[in-house]
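Fold and contact review
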Amino acid sequence: METSGTIVFSGDRIAVTGLSWMDHEFGTSALSGDAVGWDWFAVTLDNEVVLMFAEIRTKSGRSQDVFEGTLSFPDGRQLPIQPDDFTLTPTGQWTSPDSGTVYPSGWRVTFPAHEIELTIDPLIDDQEMDVAFSYYEGATIVRGTMNGEPVAGRGYVELTGYAEGGFQR
């Protein structure tokens, strides 16, 4: 979303403009009794392709097949994304100095049928939210290829359930 406003920092008023992300969760009805959390991603590429996808993790460490994502193209076409349509591999981890929770930090994701290979990295490591419970929610930078052409972009990640079960690589 286009954003503009003023930030007051140490008594100074600073005008800001840019792009913002608005997150609104409509519930957690997709989680079964075996689910422990999710790794959810939104990615906007410089070719105006937009991806939204997630893995819902279970106690056994496997991903549930209950989530549908979306691959959106600049011309308005949208394709559904199912869990079997992509592979998501953590490339690192980060430990919160506040909660001690270990989160995945950095990912490689591939969508073979769409010839998309991306590397997703946190803009900064410490983006843990400490509200009713601790979870990770923050901005990412994206690099990779689509149909053999280089792409870059930005994104957003939300990681839940790691405080309860920890990050297992």
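For clarity, every value in this text was computed on a predicted model and none was experimentally measured. (Residues numbered from 1 in each chain as written. Predicted model: local features only at pLDDT ≥ 70, side-chain atom pairs only at ≥ 80, totals over all residues. Heavy atoms only, no water.)

Quick word on the overall build of the chain
Threshold: Secondary structure elements follow DSSP: runs of H or I no shorter than four residues count as helices, runs of E no shorter than two count as strands, and numbering proceeds from the N terminus. Residues are treated as being in contact if the distance between any of their heavy atoms lies within 4.5 Å. The accessible surface values rely on the Shrake-Rupley method and a 1.4 Å probe; as for residues, cover is taken only from the protein chains in view.
When helices and strands are tallied, the chain shows one helix and 14 strands. The contacts in the chain between residues at least 6 apart in sequence include a share of 42% that link residues at least 24 apart. In the form shown here, the chain has an accessible surface area of approximately 10,000 Å², with 51% of it arising from carbon and sulfur atoms.

What about the pattern of salt bridges?
Note the threshold: Salt bridges, as used here, are contacts in which a Lys or Arg side-chain nitrogen is within 4 Å of a carboxyl oxygen on Asp or Glu. Partly exposed describes any residue whose relative accessible area lies between the buried limit of under 20% and the exposed limit of over 50%, with all areas from a 1.4 Å probe on protein chains only and scaled to the type maximum.
Going through the model one piece at a time under the given rule, you end up with four salt bridges. We note a salt bridge from Arg57 to Asp39, for which the minimum N-O separation is 2.6 Å. Taken together, the residues span a long stretch of sequence, with Arg57 in strand β4 (residues 50-58) and Asp39 in strand β3 (residues 35-45) at a distance of 18 residues. You can call Asp39 buried: its relative accessible area is 5%. The salt bridge partner of Glu117 is Arg108, with a shortest N-O separation of 3.1 Å.

Here's the deal with the packing of aromatic side chains
Filter applied, for reference: Two aromatic rings, drawn from Phe, Tyr or Trp (for Trp, its six-membered ring), form a pair once their centres lie within 6.5 Å of each other, and the interplanar angle then sorts them: stacked below 30 degrees, edge-to-face above 60, tilted otherwise. Put simply, a charge is over a ring when the Lys NZ or the Arg CZ is close to the ring centre, within 6 Å, and near the line of the ring normal, within 35 degrees.
By the definition in use, this model includes ten aromatic pairs. A ring pair is formed by Trp40 and Tyr156, whose centres lie 6.3 Å apart and whose planes are at 75 degrees; its orientation type is edge-to-face. Taken together, the positions of Trp40 in strand β3 and Tyr156 in strand β14 (residues 149-159) put the pair 116 residues apart, joining distant regions of the chain. Where Trp94 meets Tyr136, the ring centres are 6.0 Å apart and the plane angle is 65 degrees; that geometry is what we call edge-to-face. Linking Trp94 in strand β8 (residues 93-95) with Tyr136 in strand β13 (residues 134-146), this pair joins segments that are 42 residues apart in sequence. A relative accessible area of 1% places Tyr136 in the buried class. Members of the aromatic cluster, joined through ring pairs, are Phe41, Phe53, Phe86, Trp107 and Phe111. When the ring centre of Tyr162 is taken as origin, the NZ or CZ atom of Arg57, which lies over that ring, is 3.8 Å away.

What about unusual backbone geometry?
Trans is the common state for peptide bonds, and a negative phi is the common state for residues other than glycine. One non-glycine residue, Glu48, adopts positive backbone phi at about 70 degrees. Note that Glu48 resides in the loop between β3 and β4. The exposure class of Glu48 is exposed, given its relative accessible area of 56%. Within the chain, Asn147 stands out as a residue other than glycine whose phi angle is a positive 55 degrees. Under the relative-accessibility criterion, Asn147 is labelled partly exposed at 46%.

Structural notes on the nonpolar core
Soluble, globular proteins show a tendency: their nonpolar side chains are buried together. What counts is decided by this rule: Side-chain atoms within 4.5 Å are what join buried Ala, Val, Leu, Ile, Met, Phe, Trp, Tyr and Cys residues into a set we call a nonpolar core.
Within the largest apolar cluster, 26 residues are counted, with the highest numbers of intra-cluster contacts made by Leu51, Phe53 and Leu118. Counting residues per element, the ones that place at least two in this core are β3, β4, β10 (107-111), β11 (116-122), β13 and β14. Contacts of Leu51, omitting those with residues within four sequence positions, involve Phe41, Ala42, Val43, Thr70, Leu71, Ile81, Phe111, Ile116 and Leu118. Counting residues in each nonpolar core, the second largest holds seven residues, with Ala35, Trp38, Ala42 and Tyr156 among its members.

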